[in-house]
Amino acid sequence: MASGTPKRGDPLGIDDFRRTVDELFEDLLITRWRENRRQTLDRALMVDRGPHYEAKVPTAGAEPSAVDVEVSDWRLVVRFPGPSGEVENTFDFKHPIECESVSAKWNSGVLWIVLPKKRGRRITIE
């Protein structure tokens, strides 16, 4: 078995089976994951930090003045010109946002947005 595969009609040994499964695993999962990993690094990301949400939005080299950020109680929308047309990132929230307290910073092509969650209010029972 110089080629690493058994001849037609020969029984498949356990070592041949293991090698075939390893090659299949490497090809289907590991190699493709490594190829796609670079693409996912440039995607927008939203993280729940407890009292607030944080959004990281790569803006594909767009200038801060070309980025449009819109926030409501339950949704954040970020739009900017991309290499092949307008890019829009939309995030929906489980908890309402304190819209007046949202802040944003732009650093090296990445927009960072902090969105404080709206607090409930206590009601006095009469």
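Our structure's up above, just so we're on the same page.
Let me begin by describing the structure that accompanies this report. All values reported here derive from a predicted model rather than from experimental measurement.

**Here we look at unusual backbone geometry**
Right, so step 1: Backbone geometry at Ser108 places phi at a positive 50°, although glycine is not the residue there.
Right, so step 2: Tracing the backbone shows Ser108 in the loop between β6 (103-107) and β7 (110-116).
Right, so step 3: Take Ser108: its relative accessible area is 68%, and that puts it in the exposed class.

**What about the sheet that holds β7?**
Right, so step 1: Strand order in this open sheet of 4 strands is β1-β2-β7-β6, and the pairing throughout is antiparallel. Every interior strand has two partners, whereas the edge strands, β1 (45-48) and β6, have only one. Taken over all neighbouring pairs, the strand axes of this sheet differ in orientation by 15° on average, direction set aside.
Right, so step 2: By the bridge criterion, 7 bridges tie strand β2 (residues 52-58) to β7 in an arrangement that is antiparallel. When the sheet's bridge partners are listed, Val57 is paired in β7 with Leu111.

Reading guide: rules and limits
Residues numbered from 1 in each chain as written. Predicted model: local features only at pLDDT ≥ 70, side-chain atom pairs only at ≥ 80, totals over all residues. Heavy atoms only, no water. Helix = DSSP H or I, 4+ residues; strand = E, 2+ residues; numbered from the N terminus. Buried < 20%, exposed > 50% of the residue type's maximum accessible area, 1.4 Å probe, protein only. Pairing = 2+ DSSP bridges. Axes fitted to C-alpha atoms, helices over the stretch in contact; angles between N-to-C directions.

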